[in-house]
Amino acid sequence: MQTVLVSGGGIAGPVLAYWLYRHGFKVTIVERAPAPRPGGQAVDIRGVALDVVERMGLLEQARRVRTRMRGMSILDPEGHEIDRSTEATFSSGRLDSDDIELLREDLVRMVCEHTRSDVEYLFGNSITALDEVENGVRVGFARGASRSFDLVIGADGLHSTVRRLAFGPEDRFAHHLGSYLSVFSADNFLALDDWQVWLRDGDAGFVIMPVRDNTELRIAFGFQSAPLAHDLREGSALRQLVVDELASLRWEGPRLAKAARDAPDFYCDAMAQIRMDNWSRGRVALLGDAGYCPSPLSGQGTSLALVGAHVLADCLAQAHGDHRAAYSRYEQRIRPFVTLNQALATENPGGPASEESVTHAKNALSLDS
């Protein structure tokens, strides 16, 4: 039985583990956080990714926790409505679509719970070293003794540790898209009822949507910026930068700034893509955002993670122990899909991609190839 270490307990890692276990692999997941991560924006399961979730037996569960938006309003900088739609929202597309929009934390919880009995989880730990030997990879951990695995998969996001250890510094592969995105929660101080509001004020803008039966808001705030200096990318300095940006808004700036200052789940990061010539080196391979992050601007990061996990597991299973052949086939199958979906983020900078492009990209791969 081949052993596989997966770094990252978000979406891509547990989904890969689910399929690998069913193909006869023994899987361990290491996750830096002490438990499945809460918070985050609404994400979308679209096109062929819906087939992955259905094959996992999670489709109906995902539908039960989906967002229930009735529509959206577009506001001017002063907060006056200038347009509205009851047919679609920018975050999820057409409201009558089969696609599913749900909170990231709900999807993370679902896939983690679906694998807990079959997969070893190492929460509160991380990889510190990778040393490929003749028949495996010796892995060093921040906590506990080193261990050996047949294969290592990096599913640890935009700032992947596995990618850095196996391929080199992040700045060789990360392409900044000119903005930052902050996501955080707050009480529903706007009394929104299954209704989104979108606003742009100069180089900044946000979407606010109610969740949890309209008891809570999820606020996604974006602002244009060149890559920030290192001392502004960490902790309190980054939060204060977002608070100051929000406070300068003409509509609801003070309340939004306070919400960002007080949020227990505050998040902010650059809008960037990871672009690499290959996603494997020796016995190590990359999955999802670690290898081909499309950025949230594409709306396809979650679907890429789901589909990539299914394809990688299938390729490993069909290769019968030949990881080189498996990784090569994985790249052949998934790269055209990645290219189309990454293009969604750059097709129309500052706005949503065309419906035609999204439809083509989300369905441009068969799981059974």
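Here is a short report on the structure shown in this document. (Residues numbered from 1 in each chain as written. Predicted model: local features only at pLDDT ≥ 70, side-chain atom pairs only at ≥ 80, totals over all residues. Heavy atoms only, no water.)

**Some words on the environment of A129**
Okay, step 1: Looking at the element boundaries, A129 is found in strand β10 (residues 127-133).
Okay, step 2: Given a relative accessible area of 35%, A129 falls into the partly exposed group.
Okay, step 3: Apart from residues no more than four positions distant in its own chain, A129 is found in contact with R138, V139, G140 and L165. (Helix = DSSP H or I, 4+ residues; strand = E, 2+ residues; numbered from the N terminus. Buried < 20%, exposed > 50% of the residue type's maximum accessible area, 1.4 Å probe, protein only. Contact = heavy atoms within 4.5 Å.)

**Notes on the nonpolar core**
Okay, step 1: In this structure, I45, L287 and V307 are the most contacted members of the largest nonpolar core, which totals 80 residues.
Okay, step 2: Here the element with the most residues in this core is helix α9 (residues 301-319); it accounts for 11 residues.
Okay, step 3: Every residue in contact with V307, bar those within four places of it in the chain, is listed here: V48, A49, V52, I334, F337, L365 and L367.
Okay, step 4: Membership of the second largest hydrophobic core comes to 31 residues, among which are F184, A204, V242 and L256. (Core = buried A, V, L, I, M, F, W, Y, C linked by side-chain atoms within 4.5 Å.)

**Notes on the sheet that holds strand β1 (residues 3-7)**
Okay, step 1: Strands sit in the order β9-β2-β1-β13-β20-β19 across an open sheet of six strands; the sheet is mixed. For this open sheet the edge positions go to β9 (120-123) and β19 (280-281), each flanked by a neighbour on one side alone.
Okay, step 2: The pairing of β1 with strand β2 (residues 26-31) spans five bridges and is classified as parallel. Each bridged residue has a counterpart across the sheet, and for T3 the counterpart in β2 is K26.
Okay, step 3: Contacting β1, β2, β9 and β13 (151-154), helix α1 (residues 12-22) crosses the sheet at an angle of about 170° to β2.
Okay, step 4: Contacting β13, β19 and β20 (284-286), helix α10 (residues 323-347) crosses the sheet at an angle of about 25° to β13. (Pairing = 2+ DSSP bridges. Axes fitted to C-alpha atoms, helices over the stretch in contact; angles between N-to-C directions.)

**Observations regarding the packing of aromatic side chains**
Okay, step 1: What the rule picks out here adds up to nine aromatic pairs.
Okay, step 2: On the basis of an interplanar angle of 10° and a centroid distance of 5.2 Å, the ring pair of Y121 and F123 is categorised as stacked.
Okay, step 3: For the pair Y180 and F223, a centre-to-centre distance of 5.9 Å together with 15° between the ring planes defines the contact as stacked. Taken together, the positions of Y180 in strand β14 (residues 174-187) and F223 in strand β17 (residues 216-224) put the pair 43 residues apart, joining distant regions of the chain. (Phe/Tyr/Trp six-rings, centres within 6.5 Å; stacked < 30°, edge-to-face > 60°.)

**Description of helix α4 (residues 104-113)**
Okay, step 1: Counting buried positions along α4 gives seven out of 10 residues, so the element sits mostly inside the fold.
Okay, step 2: Here α4 has its buried residues at E105, D106, L107, V108, M110, V111 and C112.

**Re the environment of A270**
Okay, step 1: For A270, the position within the fold is in strand β18 (residues 267-274).
Okay, step 2: In this structure the C-alpha to C-alpha distance between A270 and S225, which are 45 residues apart in sequence, comes to 8.8 Å.
Okay, step 3: If near-sequence neighbours (up to four positions away) are discounted, A270 is found in contact with L158, H176, S179 and Y180.

Purely spatial values, then, with no claim about function.
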